[in-house]
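As a plain string of letters, each chain reads:
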Amino acid sequence: MTENKEYKVVGTRPIRHDGVDKVTGRALYGADFQIAGLLHGRVLRSPHAHARILSIDTSRAEALPGVKGVVTAADLPTAEDRIADLGEGAVNLKYLCDNIFASDKALYKGHAVAAVAATNPHIAEEACTLIDVEYEVLPPVLEVRQAMEPDAPLLHENIKTTSMGETAEEPSNVASHIQHKLGDPEKGFAEADIVIERDFVTGTVHQGYIEPHNATAHFNQDGQLTIWCSTQGAFTVREQVAEILQHPISKIKVVPMEIGGGFGGKISVYIKPVAALLAKKTGKPVKVLMSRTDVFEGTGPTPASYIRVKMGATKAGKITAAEAYLAFEAGAYPGSPVGPGAMCIFAPYNIENVIIDGYDVVVNKPKTAPYRAPGAPNAAFGSETVLDEIAEELGIDPLEIRLINAAKEGDRRADGPIHPRIGFIETVEAAKSHPHYTAPNGKKHHGRGIASGYWFNIGLESSVTINVNADGTINLIEGSTDIGGTRSSIAMQAAEVLDIPAESVNPSVVDTNSVGYTAVTGGSRTTYATGYAAYEAAQDVKRKMIERAAKLWEVDESNVQFADGVFSSINGKEEQISFRDLCGRLGETGGPVVGSGTVNPGGAGGAYATHIVDVVVDEETGKVEVLRYTAVQDAGKAIHPSYVEGQIQGGAVQGIGWALNEEYIYNDEGEMTNASFLDYRMPTCLDLPMIDAVIVEVPNPGHPYGVRGVGEVPIVPPMAAIANAIYDAIGIRMTELPMSPNRLLKAMGKI
Amino acid sequence: MRNLTGGEESVTVPGATVREVIDNLENRYPGMKARLREGDRLKPGVAVYINGLLTRGSILERVDADAEIHFLPAISGGTT
Amino acid sequence: MARKSHVQTTINGETVEFLCESRQSLLEVLRDELHLTGAKEGCNNGNCGACSVILDGRLVNSCLVLGVETEGKSVETIEGVAEPDKLHPIQDAFLENAALQCGICTPGFIMSTKALLDQNPNPTEHEIRYWLAGNLCRCTGYDKIVRAVQDAAESM
């Protein structure tokens, strides 16, 4: 299963390079940034979920002592209806701008309307209350099926459904319809001995990063704009701000500070252009911070959805056909992750006959943003629950039915492409032989469930520069913001090439003026693609060092080899010099050595996970407690296993929160009534057992060390695994998320 | 795109690069180019898979004789 | 502009004087007036624990304490935990166990752990989980944090 390649650094567990800064409080996150003359900005947000903005009067706010500037949508350049590719996929600029500041309509409670810069944050907050906005309140549309009704109130007059390339005549809240079809589903269902069809509903959930959004901007008189901020991608901030403000990218420098979590939620910009506008207006640096409520109400959650899944199988457990209907809430503007949801839903299985329909639907909620394997968890909740039911009806072990149908290299995905080398079967087999799966499970109200999941992972552009130091160490310059230990997983790949310890690499994440273009830390791509760039940069260093050794010994480069950290001459004169010693002789052999590596790799390897969970259901309260959790995942190759385990554990726990507690609760007016960490209940450590992360390694042929992405797929299986465990415990199929105590009590007929 | 191919799920066209493949698709199925290209670039939001592997998303991508190409919506994501 | 009060307090063993408005929280004073930005703001209403500090020996959320309330008191923050030449065993244990990912919650967890181990040097896993339930971490799933606290307790 695991390729037995010998590595010296890859696969070890060094202390992370930024560790000391982070345990001593010295690491500087976005909100920690200080600069002389700083003003503080705050944003006024719409109190209504759906309202026409009739007028905005900022004069009373501007008159408050300490207020230095107020901005609204009128300060933004007029945006065209244009699709731009801004590093996180295609974005309609008009929508992007309207989400920064509502222009004609406020489309969700919390939609930014205006912003104030003042000498301190309290004055800025007070000034926000002095801005007079006249609204014409409109009825809100808060649920995807309601929004799809022909007589539903419309959010946008100009959105007409595009379906298979055709655009409808009449406006609608359904922005688009996609379909994937494989084989003959009708024939497949006719061949089935058992067909099961179920409906599922999932709630709106938030990424829940602990650090709120932040941005400090300064606009020089010459038009040079600098933004210090927490972001998943400094270059995507630069691109988005450039488009929104119609300002050249060469005049924008984005300085990525340390980032306190993102999970996909810190790719879109919200207050970065606002800080820039306020800085321009006041001539001073302006820091804008969000409150926790701003984060819940004004930034991208991941969508609520309605899903219908139908699957048919023979008595032997072979799936003959599968059908899915996915309707996702995009929030206020089109762009839900229904596309990836539709592409992932049946991807673990080799099914000949499949039809999948996906709908992207606008509703009066914040515009959704990516969240860890966006779209896939919603979809897997449906498909993995139905498959469990089929296994149960047929009397087949749930892991066995997955093995019977498991996709492998050469099989075709429902959306078309054939699978390259993948490790799904390996995860199921590892789960099957895990002591958790074979442990006894039979007590009253105790249950065990399993589920699997798939996520693509992506490649995209990365750049790395390596500067060689005289003492045999290297400085590694990269553009991937480090959210979970990637300084180390990237540094280790360069260290492996140069045969130096991980500690001999000093990695730095730098600003957009100081490194080549690097796409976002997202899509599980950082250790894969930026690690690949580091590998290439280290290879470049190695080549150049061989040239220097050849020069030193006056031999041909082809006579110099590098092994075990030592350069040696293999023909004629016998010479040897260590990497470290040669680093000390760079000046006399031609000057400093700088290596560079840039990639846009096309070989990202898909990731699979299979999870096992034991729960106990409290019959009195409806509370579900997770007793034991095992998460098996194919990492391709774990560069730093501790941080791979960390990704698996963290993703699984976010999934547990999504399964059991987390949801946006709305009243009829479209106000979120639980916009705090007290009421939006994320898992605490008291809610959880240890999470056993099991790494399976099926190397990805598209990476020199076999790396697949690891960050996203662990959030895909937990919801279905827990639903299946609840069924095992109490014999009730839960089809609505979260499976909170009140929903369980209702399902059990207690309330 | 099936509506442009008259319902065909899979079609075979010549071409040594994705650019040539799209041009040849357009010749046979008018309207295809508008779906896949914007000027001399791949349209934003379109992803190209060649033999099952997601490519870097360029019309310059080289294509072998029997290669299987898929045009799909691009994806994006987020980890920690 | 609101009138400012003069406050004298002890922070990490040093006498510190500052001016603050009565509406400013200890968290704001630490971060904005004293530039001790190790305590983080995650929610500003006591739910996340990212701003945890120790006030006269008691663990508090500094966002729920007013700056003026610290007059004559003693405050311990993350900046005072390590010795000049070496980390505190809790800090070492967090690093060795890879008990942090993004790190924004880490100062709060370390202060909370310190307060726990100061009063209960040998906590059970359940006691650790109960005590740390006031600190939210969204990255790790807590597994490695709990192990780090167990290791720290053993090494101290």
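Residues numbered from 1 in each chain as written. Chains lettered and ligands numbered in written order. Predicted model: local features only at pLDDT ≥ 70, side-chain atom pairs only at ≥ 80, totals over all residues. Heavy atoms only, no water.

Now for the domain arrangement of chain A. All names here are of chain A. When the domains of chain A are assigned, the result is domain 1 (19–26 + 459–599), domain 2 (33–138 + 211–260 + 266–298) and domain 3 (305–457 + 605–747). Each of domain 1 and domain 3 was reduced to a C-alpha centroid, and the two centroids are 38 Å apart. The interface is formed by 15 residues belonging to domain 1 together with 16 residues belonging to domain 3. Of the roughly 1200 Å² buried between domain 1 and domain 3, counting both surfaces, carbon and sulfur atoms make up 64%. Counting across the interface, domain 1 meets domain 3 through 0 salt bridges. Those elements that provide at least two residues to the side of domain 1 that touches domain 3 are helix 15 (486–498) and helix 16 (526–553). Of the residues forming the side of domain 1 that touches domain 3, the biggest block, 6 residues, is contributed by helix 15. Broken down by class, the residue content of the side of domain 1 that touches domain 3 amounts to 5 nonpolar, 9 polar and 1 charged. (Domains from an automatic or database assignment. Contact = heavy atoms within 4.5 Å. Buried area = accessible area lost by both parts, 1.4 Å probe. Salt bridge = Lys/Arg side-chain N within 4 Å of Asp/Glu carboxyl O. Helix = DSSP H or I, 4+ residues; strand = E, 2+ residues; numbered from the N terminus. Nonpolar A, V, L, I, M, F, W, Y, C, P; charged D, E, K, R; others polar.)

This part takes up the sheet that holds strand 4 (residues 53–54) of chain B. Residues and elements named next belong to chain B. Spatially, 4-3-5 is the arrangement adopted by the 3 strands of the open sheet, whose pairing is antiparallel. Since the sheet does not close on itself, it has two edges, and those belong to strand 4 and strand 5 (69–73), each with one partner. Judged from the 2 bridges that link them, strand 3 (residues 46–50) and strand 4 form a sheet pairing that is antiparallel. Counterpart to Ile-50 in the pairing with strand 4 is Leu-53. Contacting strand 3 and strand 5, helix 1 (residues 18–28) runs over the sheet at an angle of about 85° to strand 5. (Pairing = 2+ DSSP bridges. Axes fitted to C-alpha atoms, helices over the stretch in contact; angles between N-to-C directions.)

Of the residues lining the interface, 53 residues belong to chain C; the matching set on chain A comes to 58 residues. For the chain C and chain A pair, buried surface summed over both sides reaches about 4400 Å², with 60% attributable to carbon and sulfur atoms. At the surface where chain C touches chain A, the tally comes to 4 salt bridges. At the boundary of chain C with chain A, the tally comes to 26 residue pairs in polar contact (both at pLDDT 80 or more). Broken down by secondary-structure element, the contributors of at least two residues to the side of chain C that touches chain A are helix 1 (26–33), helix 2 (89–96), helix 3 (106–119), helix 4 (125–131) and helix 5 (143–155) of chain C. Tallied by class, residues from the side of chain C that touches chain A come to 23 nonpolar, 15 polar and 15 charged. (Polar contact = N/O pair within 3.5 Å; in protein donor to acceptor, adjacent residues only side chain to side chain.)

Right, let's get into the environment of Ile422(A). Residue and element names in this part refer to chain A. Position of Ile-422 among the secondary structure elements: in the loop between helix 12 (398–405) and helix 13 (424–432). As a C-alpha pair, Ile-422 and Tyr-532 span 110 residues in sequence and 19 Å in three-dimensional space. With sequence-adjacent residues up to four places away left out, Ile-422 is seen in contact with Ala-407, Lys-408, Glu-409, Tyr-608, Asp-634, Val-698 and Arg-708.

The terminal C-alpha atoms of helix 15 of chain A lie 19 Å apart, and with 13 residues this matches the ideal 18 Å at 1.5 Å per residue to within 8%. Positive backbone phi, at 55°, marks Asp499(A), one or two positions downstream of helix 15 of chain A. (Expected span 1.5 Å × (residues − 1).)

On to the pattern of salt bridges, then. All names here are of chain A. Tallied over the full model, the rule gives 55 salt bridges over all chains. The shortest N-O distance in the salt bridge between Arg-52 and Glu-136 comes to 3.5 Å. Note that Arg-52 is positioned in strand 2 (residues 51–57) and Glu-136 in strand 8 (residues 132–137), a separation of 84 residues in sequence. With a shortest N-O distance of 3.2 Å, Glu-736 and Arg-743 are connected by a salt bridge. The network of salt bridges with shared partners includes Arg-16, Asp-18, Lys-22, Glu-258, Asp-482 and Arg-487.

Right, let's talk about the nonpolar core for a bit. Counting residues in hydrophobic clusters, the biggest one holds 197 residues, and the most contacted among them are Phe101(A), Phe346(A), Ile722(A), Ile726(A), Met739(A) and Phe94(C). With 9 residues, helix 19 (residues 718–730) of chain A is the largest single contributor of residues to this core. Excluding anything up to four places from it in sequence, Met739(A) contacts Val624(A), Ala659(A), Leu660(A), Met719(A), Ile722(A), Ala723(A), Ile726(A), Met734(A) and Leu744(A). Ile466(A), Ala502(A), Met545(A) and Ile546(A) belong to the second-largest nonpolar core, a separate cluster that totals 47 residues. (Core = buried A, V, L, I, M, F, W, Y, C linked by side-chain atoms within 4.5 Å. Buried < 20%, exposed > 50% of the residue type's maximum accessible area, 1.4 Å probe, protein only.)

Residues and elements named next belong to chain A. Running from N to C, helix 11 (residues 376–394) and helix 12 point in directions that differ by 105°, and their axes come no closer than 9 Å. Here helix 11 lies roughly perpendicular to helix 12, going by the angle between them. Contact residues: helix 11 offers Glu-384, Leu-387, Asp-388, Ile-390 and Ala-391, while helix 12 offers Pro-398, Ile-401 and Arg-402. Of the residues contributing to the contact of helix 11 with helix 12, the split by class is 5 nonpolar, no polar and 3 charged. (Parallel < 35°, antiparallel > 145°, perpendicular 65-115°, else oblique.)

What follows deals with empty space enclosed by the protein. All names here are of chain A. The final tally for this structure, using the stated rule, is 8 cavities of 30 Å³ or more. Approximately 300 Å³ is the volume attributed to the largest cavity. What lines the largest cavity is a set of 26 residues, among which Thr-486, Ser-489, Thr-527, Gln-647 and Val-710 lie closest to the centre. Taken together, the elements giving at least two residues each to the lining of the largest cavity come down to helix 15, helix 16 and helix 18 (641–660). (1 Å grid on protein atoms, 1.4 Å probe; cavity = no way out; pocket = protein on both sides within 12 Å on 5 of 7 lines; lining within 4 Å. Points joined across faces, edges and corners; volume = space filled by probe spheres on them.)

So, about the side chain of Glu645(A). Within the fold, Glu645(A) resides in helix 18. Taking relative accessible area as the criterion, Glu645(A) reaches 13% and is therefore assigned buried. Polar side-chain contacts of Glu645(A) include one of 2.5 Å to the side chain of Lys144(C). Glu645(A) has contacts with Arg13(A), Ala693(A), Ile695(A) and Lys144(C), leaving out every residue within four places of it along the chain.

Hydrogen bonds along the backbone pair up the strands of a sheet, which may run parallel or antiparallel. Residue and element names in this part refer to chain A. Spatially, 20-28-29-30 is the arrangement adopted by the 4 strands of the open sheet, whose pairing is mixed. This sheet does not close on itself; its edge strands, each paired only once, are strand 20 (446–455) and strand 30 (691–696). Sheet twist, expressed as the mean angle between neighbouring strand axes with direction ignored, is 15°. As paired elements, strand 28 (residues 607–617) and strand 29 (residues 624–634) share 9 bridges and run antiparallel to each other. Within strand 29, the residue paired with Ala-609 across the bridge is Gln-633.

Residue and element names in this part refer to chain C. Taken together, the side chains of Asp-92, Glu-96, Asp-151 and Glu-154 present a region of like negative charge at the surface. One can find Asp-151 in helix 5. A relative accessible area of 38% places Asp-151 in the partly exposed class. (Patch = residues over 30% accessible without salt bridge, like charges linked within 9 Å, V, L, I, M, F, W, Y side chains within 5 Å. Areas by Shrake-Rupley, 256 points an atom, 1.4 Å probe, with all protein chains shown as cover. Lys, Arg positive; Asp, Glu negative; His and termini not counted. Charge placed at Lys NZ, Arg CZ, Asp CG, Glu CD.)

This part covers the pairing of strand 10 (residues 166–171) of chain A. All names here are of chain A. Here strand 9 (residues 160–163) runs beside strand 10; their pairing, made up of 3 bridges, is antiparallel. Its bridge partner lying in strand 10, Lys-160 is registered against Pro-171. Between strand 9 and strand 10, which pair antiparallel and follow one another directly, the connecting turn spans 2 residues, one of which, Met-164, has a positive phi of 50°.

Any two packed helices are characterised by how steeply their axes cross, that is the angle between the axes, and by the distance between the axes. Residues and elements named next belong to chain A. Close contact between helix 12 and helix 13 brings their axes to 10 Å; oriented N to C, the two are set at 160°. With respect to helix 13, the element helix 12 is oriented roughly antiparallel. You can see that helix 12 and helix 13 cross each other, and the crossing is left-handed. Each of Leu-399, Glu-400, Arg-402 and Leu-403 in helix 12 lies in contact with helix 13, whose residues at this interface are Phe-424, Ile-425, Val-428, Glu-429, Ala-431 and Lys-432. (Left-handed = near helix turned anticlockwise from the far one by under 90°.)

Let us look at the packing of aromatic side chains. All names here are of chain A. Within this structure, the stated rule accounts for 25 aromatic pairs over all chains. For the pair Tyr-95 and Tyr-333, a centre-to-centre distance of 5.4 Å together with 35° between the ring planes defines the contact as tilted. Of this pair, Tyr-95 sits in helix 3 (residues 93–100) while Tyr-333 sits in the loop between strand 18 (319–331) and helix 10 (338–344), and the two are 238 residues apart along the sequence. Tyr-333 carries the same exposure label as Tyr-95, and that label is buried. Judged by centre distance (4.9 Å) and plane angle (45°), the rings of Phe-296 and Tyr-680 are tilted. (Phe/Tyr/Trp six-rings, centres within 6.5 Å; stacked < 30°, edge-to-face > 60°.)

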